[in-house]
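# Coordinate inspection notes
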Amino acid sequence: MTIRSGNTDRSTRLCRDVLCLDDFEIKARRHLPKPLFGYIAGATETNASLRRNAEAFQAYAFRPRVLRDVSKRSTETSLFGQSYAAPFGIAPMGISALMAYRGDIVLAQGADQSGIPMIISGSSLIPLEEIAAVSPQAWFQAYLPGEPDRIDALIDRVGAAGLRTLLLTVDTATLPNRENNVRAGFSTPLRPGLRLAWQGISHPRWTTGTFLRTIARHGIPHFENSYATRGAPIISSNVTRDLGRRDHLNWDHLERIRNRWSGKLVVKGIMHPDDAARAVDTGVDGVLVSNHGGRQLDGTASPLQALPEIASRVGDRVAVMVDGGFRRGTDIMKALALGACFVFVGRPFLYAAAVAGLPGVLKAADILKTELHSNMALLGVTKVGDISADYITRA
C-alpha cells in the first residue's frame with residue numbers, strides 16, 4: 001500500500017522552491033494550525049536546550065584537505081549490518097498522522113525510497129502493525145513505564161509485527177513543563193472549542209486534506225503504540241492520556257528488556273558517558289545521544305556537546321548515534337567528525353510531510369544527501385568513515 005498526497009502534482013509544485021530544510025519550516029508555519037505547528041517547533045520552558053542544539057554547530061569549524069581525487073566519493077554507509085544511502089535517518093516524532101495524512105506511513109515510505117532508516121514513534125496514531133506492513137525495516141521507539149507486565153506485552157507486540165530494531169527512550173521520567181504548548185492551544189488529547197474550530201477554518205488545506213480525510217477514512221485517531229492496547233483518542237473533552245509509571249523505569253528494566261528482546265536494542269536519551277557505559281554493559285547494541293530535541297529538561301547541554309566524550313567512552317563497542325538540531329549536510333559531517341556513526345533528523349522531515357506528503361519527504365532526504373555529497377568533496381573525503389576529528393577544530 002502506498003500513501004499518495006491528495007494532489008501529487010500540487011505537492012511536487014510546493015517543493016520546487018525549497019532549497020534547504022529550513023524552507024519546509026516556513027511553509028509548514030503557514031500550512032498547519034497554530035497549535036500543531038507550535039507542538040512541533042516548540043520545546044520546554046525558556047527553550048534554552050532547543051536554542052543550544054542549533055547553536056552548538058557554530059562552535060566547530062572545518063579543516064578541509066585539498067588536491068585529493070574525490071570524484072568517486074559516496075555517502076553510503078552501514079549500520080547494524082544494513083547498508084544505507086546516507087548516514088542519517090528520520091527520528092521518531094509523535095502524532096505525525098495529525099500533521100500529515102497517514103504521516104507515519106508517509107515518513108516510512110519516504111525513508112525506504114530514499115534508502116535511509118525511519119523510527120516509528122511510540123506516540124504515533126497509526127498502529128505499528130500497519131506501518132510495519134509497509135516498512136518492515138523500520139525501527140520502533142518505545143516509551144515504557146516501570147511496569148513489567150506492560151513492558152513485556154509491548155515488546156512482544158513489536159516482535160510479532162516483524163520489527164527488528166527496538167529503541168528505548170529513557171529521558172521521559174515525567175512530563176516536562178511545556179508551557180509553550182499551552183500558550184499555542186495544544187494539548188493531548190486536543191480539547192474541542194471555538195479556538196480550535198477557528199484554527200481548522202483558517203487552515204482549510206490542512207483541515208480537508210489531513211484532518212477530515214483521516215476521520216472519513218479511519219475514524220478519530222487514537223494513540224496506538226504506547227502500550228500493547230489502544231490508548232486515548234487524539235480529540236476528547238474529558239479523556240486523559242495514560243502515561244503509566246515512567247518515573248519507575250530503571251536499569252533493572254533495561255536488563256529485562258535486553259533479555260526479552262532478541263533484535264537490535266538502542267537506548268535513546270543518553271547524555272552522560274557513565275550512562276552510556278552502563279547501557280553498553282547491559283548489552284545494548286547502540287546509544288542515541290539526545291536531549292529529546294530540547295523538549296524535556298530545559299537547560300540540558302546539546303547532544304553535539306555531549307557526543308565526543310560518549311563516543312570516546314563506548315564508540316569502539318557499540319554504534320554511537322546522535323540527534324538534535326540537524327539541518328544541513330555540514331551539520332552531519334561535524335557529528336561524524338566528533339565520533340558519531342549515524343545522525344537522526346526529526347522536525348524538518350515532519351514539516352516536509354505536512355506540507356507536501358511523500359514528495360516532501362523525498363525532497364527533504366534528497367536535499368540532505370545532495371548537500372552531504374558535495375560537502376564531502378569540499379572537505380576532501382571520499383567515504384563517510386573517513387570523516388574524523390582531523391577535519392574539524394574549535395571555532
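Conventions we followed
Residues numbered from 1 in each chain as written. Predicted model: local features only at pLDDT ≥ 70, side-chain atom pairs only at ≥ 80, totals over all residues. Heavy atoms only, no water. Helix = DSSP H or I, 4+ residues; strand = E, 2+ residues; numbered from the N terminus. Rg over C-alpha atoms; globule rule 2.2 N^0.38 Å. Buried < 20%, exposed > 50% of the residue type's maximum accessible area, 1.4 Å probe, protein only. Contact = heavy atoms within 4.5 Å. Lys, Arg positive; Asp, Glu negative; His and termini not counted. Charge placed at Lys NZ, Arg CZ, Asp CG, Glu CD. UniProt positions renumbered as here; feature names shortened; annotations may be inferred. Core = buried A, V, L, I, M, F, W, Y, C linked by side-chain atoms within 4.5 Å. Arc of directions from axis to C-beta. Polar contact = N/O pair within 3.5 Å; in protein donor to acceptor, adjacent residues only side chain to side chain. Phe/Tyr/Trp six-rings, centres within 6.5 Å; stacked < 30°, edge-to-face > 60°. Lys NZ or Arg CZ within 6 Å of the ring centre and 35° of its normal. Pairing = 2+ DSSP bridges. Right-handed = clockwise from strand over helix to strand, strands pointing away.

## Some details on the overall build of the protein chain
- Counting its regular elements, the protein chain contains 16 helices and 12 strands.
- For the protein chain, the C-alpha radius of gyration of 20 Å lies close to 21 Å, the compact-globule estimate for 395 residues.
- Each of the three principal axes of the protein chain carries a C-alpha extent, and together these read 60 × 50 × 40 Å.
- Going through the 395 residues of the protein chain one by one, you find that 57% of them count as buried.
- Nonlocal contacts in the protein chain, meaning residues at least 24 apart in sequence, comprise 75% of its contacts between residues at least 6 apart.
- Distance between charge centres in the protein chain, computed from 47 positive and 37 negative side chains, equals 6 Å.

## Topic: the UniProt feature "active site" (unreviewed entry) in the protein chain
- Look at the UniProt record and you will see "active site" (unreviewed entry) annotated at H292.
- Here H292 is to be found in the loop between β9 (286–289) and α14 (303–314).
- With relative accessibility at 10%, the residue H292 sits in the buried group.

## Thoughts on the environment of V170
- On the secondary structure map, V170 appears in the loop between β7 (165–169) and α9 (179–184).
- Linking V170 and P33, residues 137 residues apart in sequence, is a C-alpha distance of 30 Å.
- In this structure, V170 is in contact with V267, K268 and G269, ignoring residues within four places of it in sequence.

## Some points on the nonpolar core
- The biggest cluster of nonpolar side chains holds 108 residues, and the ones touching the most others in it are L307 and F349.
- Every residue in contact with L307, bar those within four places of it in the chain, is listed here: V289, V320, V322, A335, L338, G339 and A340.
- Residues I119, L288, A319 and F342 belong to the second largest nonpolar core, which totals 12 residues.

## Some points on helix α12 (residues 251–260)
- Buried residues of α12: H253, L254, I257 and R258, and no others. Viewed along the axis of α12, the buried residues span an arc of 145 degrees, placing them on a single side of the element. Across α12 from its buried face, at more than 90 degrees, point the exposed residues D252 and N259.
- Buried residues belonging to α12 abut α8 (148–160), β7, β8 (264–270) and α13 (273–282).
- A side-chain oxygen of the first residue of α12 lies 2.8 Å from the backbone nitrogen of D252; this N-cap is N250.

## Observations concerning the packing of aromatic side chains
- Here the structure, examined in full by the defined rule, presents 8 aromatic pairs.
- Where F37 meets Y351, the ring centres are 5.6 Å apart and the plane angle is 25 degrees; that geometry is what we call stacked. On the criterion of sequence distance, the pair formed by F37 in helix α3 (residues 34–41) and Y351 in helix α16 (residues 347–379) is long-range, its members being 314 residues apart. Here F37 matches Y351 in class, with each residue buried.
- Every member of this aromatic cluster is reached through a ring pair, and the members are F80, Y84, W139, F342 and F344.
- The ring of Y227 carries the charged tip of R150 above its face, separated from the ring centre by 4.1 Å.

## Here we look at the sheet that holds strand β4 (residues 88–90)
- The strand order across the open sheet built from 8 strands is β4-β11-β10-β9-β8-β7-β6-β5, with neighbouring strands paired in parallel fashion. Among the strands making up the open sheet, the edge pair consists of β4 and β5 (119–120).
- Relative to strand β6 (residues 139–142), β5 runs parallel, the two sharing 2 bridges. What sits directly across from I120, in β6, is F140.

## Points about the side chain of S124
- When you line up the elements, S124 lands in the loop between β5 and α7 (128–134).
- Take S124: its relative accessible area is 0%, and that puts it in the buried class.
- In this structure the side chain of S124 is engaged in a polar contact, spanning 2.8 Å, whose partner is the backbone oxygen of S121.

## A closer look at the pairing of β6
- Alternating residues of β6 divide into W139 and Q141 and F140 and A142, and every residue in both groups is buried.
- This β-α-β element, β5 to α7 to β6, shows right-handed connectivity.
- Two elements, β6 and β7, share 3 bridges in a ladder whose sense is parallel. Along β7, the bridge assignment pairs A142 with L168.
- Of the crossover connections in this fold, the one passing from β6 over α8 to the parallel β7 is right-handed.

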